[in-house]
Amino acid sequence: RPAAAVSAAYVGQRFRKLAEVLRGAGCDADAVAVGADAALDAALAKLLLGLTSEAAGQEGEGVAPELLDAAKVQELLRAVLQLLDHSAGASKVPHLPLSSFLRAAVAPLHCLPT
């Protein structure tokens, strides 16, 4: 039977690793650790909050979720795969919270216009 929920801690950990990889060899795990980059922390929190089920989002607004809706996580991962698909000529991130997270992840590289 398919999973109905995914651990928010696990997804958060994986997306911090994604940020580390996107920042390149000069970035270590300490640079993306909790509390090391306030903008990344805020973008990740917003991303995770958007992955909660509608009922969970109404129950505890402003509280970090423990479980995320599996269907929403799958949608997010499809967007990441689309972005990383090397065979595509150009990629657009159709997932707004993911786009915000990616901007925060690569902001220290100073490669995006502000």
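Points about the overall build of the protein chain
When helices and strands are tallied, the protein chain shows five helices and two strands. Shown N-terminal to C-terminal, the secondary structure of the protein chain runs as helices and strands in the order β-α-α-α-β-α-α. The burial tally for the protein chain puts 29% of its 114 residues in the buried class. For the protein chain, the accessible area works out to roughly 7,500 Å², and carbon and sulfur atoms hold 59% of it.

A word on the nonpolar core
Val11, Phe15, Leu47, Leu51, Leu68, Leu98 and Phe101 are the most contacted members of the largest nonpolar core, which totals 23 residues. At the level of elements, α1 (8-23), α2 (38-49), α4 (70-84) and α5 (96-106) are the ones that each hand at least two residues to this core. Once you skip the residues sitting within four places of it in the chain, Leu51 turns out to touch Val11, Leu68, Asp69, Lys72, Val73, Leu76 and His95.

Here's the deal with the pattern of salt bridges
If you walk through the whole model with that rule in mind, you get three salt bridges. For Asp41, the salt bridge goes to Arg16, with nearest N and O atoms at 2.9 Å. Of this pair, Asp41 sits in helix α2 while Arg16 sits in helix α1, and the two are 25 residues apart along the sequence. Taken individually, Asp41 and Arg16 each receive the classification buried, so the pair is uniform in this respect.

Quick notes on the side chain of Arg23
Along the chain, Arg23 turns up in helix α1. Judged by its relative accessible area of 11%, Arg23 is buried. Polar contacts involving the side chain of Arg23 include one to the main-chain carbonyl oxygen of Ala104, which spans 3.3 Å. Within the structure, the side chain of Arg23 is placed 2.4 Å from the backbone oxygen of Ala105, a separation counted as a polar contact. For Arg23, the contacting residues outside a window of four places in its chain are Ala31, Val32, Asp37, Leu40, Ala104, Ala105, Pro108 and Leu109.

As for the packing of aromatic side chains
The way to describe two aromatic rings as a pair is by their centre distance and the angle between their planes. Inspection of every chain in the model, using the stated rule, returns one aromatic pair. Between the aromatic rings of Phe15 and Phe101, the centroid separation amounts to 5.5 Å while the plane-to-plane angle is 75°, which identifies the pairing as edge-to-face. Of this pair, Phe15 sits in helix α1 while Phe101 sits in helix α5, placing them 86 residues apart in sequence.

Digging into α1
Under the 1.5 Å per step criterion, the end-to-end length of α1 is 22 Å for 16 residues, consistent within 8% with the ideal 22 Å. Taken together, the buried positions of α1 are Ala8, Val11, Gly12, Phe15, Arg16, Leu18, Ala19, Glu20 and Arg23. You can read the cap of α1 off the contacts: a side-chain oxygen lies 3.3 Å from the backbone nitrogen of Ala9, and it is on Ser7.

So, how was this worked out
Starting afresh in each chain, residues are numbered from 1 along the sequence in its written order. Local features in this predicted model are restricted to residues of pLDDT 70 or higher, and side-chain atom pairs are both shown and tallied only at a pLDDT of 80 or more, whereas totals for entire chains, interfaces and linings draw on every residue. Think of the side-chain values as coming from all heavy atoms in the structure, minus any hydrogens and water. Secondary structure counts use DSSP, requiring at least four H or I residues in a row for a helix and at least two E residues in a row for a strand, with both numbered from the N terminus. For every residue, the accessible area obtained with a 1.4 Å probe (protein chains only) is divided by the maximum for its type, and the residue is called buried under 20%, exposed over 50%, and partly exposed between those limits. In this description, accessible areas are obtained by the Shrake-Rupley approach with a 1.4 Å probe, and a residue is regarded as covered only by the protein chains that are shown. As used here, the term nonpolar core means buried Ala, Val, Leu, Ile, Met, Phe, Trp, Tyr and Cys residues forming a set that is joined through side-chain atoms within 4.5 Å. Any two residues having at least one pair of non-hydrogen atoms within 4.5 Å are treated as being in contact. Here a salt bridge means any side-chain nitrogen of Lys or Arg lying within 4 Å of a carboxyl oxygen belonging to Asp or Glu. Polar contacts, as used here, are pairs of N or O atoms within 3.5 Å; protein pairs need one atom able to donate a hydrogen and one able to accept it. Residues neighboring in sequence count only if both atoms are side-chain atoms. Pairing of aromatic rings covers Phe, Tyr and the six-membered ring of Trp, with a centre-to-centre limit of 6.5 Å; geometry is then stacked below 30 degrees between planes, edge-to-face above 60, and tilted otherwise. Helix span, expected: 1.5 Å multiplied by one less than the number of residues in the helix.

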